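# A look at the structure
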Amino acid sequence: MENLKITSGLEDYIEVISNILKANGKVRAIDIAKNLNVSRASVSEALKRLNELGYINYDRYSSIEITNKGELAAQSVIRRHNLLHKFLADILTLNEDEANGNACKIEHVISSEFIDKLDKFVNFYTSNTDYSEKFKEYLNKNLT
């Protein structure tokens, strides 16, 4: 099986490309630049690299298409981000900006095993309201 691991920066690009495609049906370099707050030149370089690695189909004068390999990578990043965000916001009760910012940083460096176990923990926590209420009480008492 081919290695799907790419740099964290390129993971951000493939995640944004996938999200924009789902929302709009098409994606342009300017959309990516605005979303990531980067220059068009940076986007162009990243798109060339993602194309070379087989994550997207791209040439300067046509639309950007995500490949199956790219969609798998995007879904992996999105899953990690969403799970981390849920853990940080809903369980650790961080505010939205803090939860989102930390999820964006952490999503690139954690292992699949960690994510699988975190997923099990989050599911356990959310399905056991007695446990979750006790934990929230504990947090409130010990953080104020």
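One can find the structure itself at the top, above this paragraph.
To keep things clear, this report deals only with the structure shown in the data block. Values in this document were obtained by computation on a predicted structure and should not be read as measured data. (Residues numbered from 1 in each chain as written. Predicted model: local features only at pLDDT ≥ 70, side-chain atom pairs only at ≥ 80, totals over all residues. Heavy atoms only, no water.)

On to the side chain of Ser18, then. Residue position: Ser18 is located in helix 1 (residues 8-24). Those residues in contact with Ser18 that lie beyond four places of it in its chain are Ile66, Glu71, Ala74, Gln75 and Ile78. (Helix = DSSP H or I, 4+ residues; strand = E, 2+ residues; numbered from the N terminus. Contact = heavy atoms within 4.5 Å.)

Another point: the packing of aromatic side chains. As enumerated under the stated definition, the model contains five aromatic pairs in all. It is Lys69 that lies over the ring of Tyr55; its NZ or CZ is 4.7 Å from the centre. (Phe/Tyr/Trp six-rings, centres within 6.5 Å; stacked < 30°, edge-to-face > 60°. Lys NZ or Arg CZ within 6 Å of the ring centre and 35° of its normal.)

Let us look at the environment of Ile20. Relative to the helices and strands, Ile20 is located in helix 1. With a relative accessible area of 8%, Ile20 lands in the buried category. Once residues within four sequence positions are removed from consideration, Ile20 is found in contact with Gly25, Lys26, Val27, Asp31, Ile32 and Asn35. (Buried < 20%, exposed > 50% of the residue type's maximum accessible area, 1.4 Å probe, protein only.)

Phi at Asn37 takes a positive value of approximately 55°, unusual for a residue other than glycine. As for its placement among the helices and strands, Asn37 is situated in the loop between helix 2 (29-36) and helix 3 (40-52). By relative accessible area, Asn37 is classed as exposed at 71%. Phi is positive for Thr93, close to 60°, though the residue is something other than glycine. Looking at the secondary structure, you find Thr93 in the loop between helix 4 (68-91) and helix 5 (96-106). Thr93 gets classed as partly exposed once you look at its relative accessible area, which sits at 45%.

With that settled, the discussion passes to the nonpolar core. Ranked by internal contacts, the top residues of the largest apolar core, which has 22 residues, are Ile17, Ile32, Leu47, Leu50, Ile56 and Ile64. Among the elements of the structure, helix 1, helix 2, helix 3 and helix 4 are those that each provide at least two residues to this core. In terms of residue count, helix 1 provides more of this core than any other element does, seven residues in total. Leave out the neighbours within four places in its chain, and Leu47 touches Ile17, Ala29, Ile32, Ile56, Tyr58 and Ile64. (Core = buried A, V, L, I, M, F, W, Y, C linked by side-chain atoms within 4.5 Å.)

This part takes up the environment of Val27. By the secondary structure assignment, Val27 is in the loop between helix 1 and helix 2. Remark: the alpha-carbon pair of Val27 and Ser44, spanning 17 residues in sequence, is separated by 13 Å. When sequence neighbours within four positions are dropped, the list of residues in contact with Val27 reads Ile17, Ile20, Leu21, Ile32 and Ile64.

Attention now moves to the packing of helix 1 against helix 3. Where helix 1 contacts helix 3, the axes come no closer than 10 Å and their chain directions differ by 90°. Taken together, the axes of helix 1 and helix 3 lie roughly perpendicular to each other. Each of Leu10, Tyr13, Ile14 and Ile17 in helix 1 lies in contact with helix 3, whose residues at this interface are Ser42, Val43, Ala46, Leu47, Arg49 and Leu50. In terms of residue class, the contact of helix 1 with helix 3 is made up of eight nonpolar, one polar and one charged. (Axes fitted to C-alpha atoms, helices over the stretch in contact; angles between N-to-C directions. Parallel < 35°, antiparallel > 145°, perpendicular 65-115°, else oblique. Nonpolar A, V, L, I, M, F, W, Y, C, P; charged D, E, K, R; others polar.)

Packing of helix 4 against helix 6 (residues 112-127) leaves a shortest axis separation of 10 Å and a crossing angle of 40°. Taken as axis vectors, helix 4 and helix 6 run oblique relative to one another. Between helix 4 and helix 6 lies a crossing of left-handed hand. For the pair helix 4 and helix 6, contact is made by Arg79, Arg80, Leu83, Leu84, Lys86, Phe87, Asp90 and Ile91 and by Phe114, Ile115, Asp116, Leu118, Asp119, Phe121, Val122, Tyr125 and Thr126, respectively. (Left-handed = near helix turned anticlockwise from the far one by under 90°.)

The next thing to look at is the pattern of salt bridges. Enumeration over the complete set of coordinates arrives at nine salt bridges. Counted as one network, the salt bridges with shared partners bring together Arg79, Asp116 and Asp119. (Salt bridge = Lys/Arg side-chain N within 4 Å of Asp/Glu carboxyl O.)

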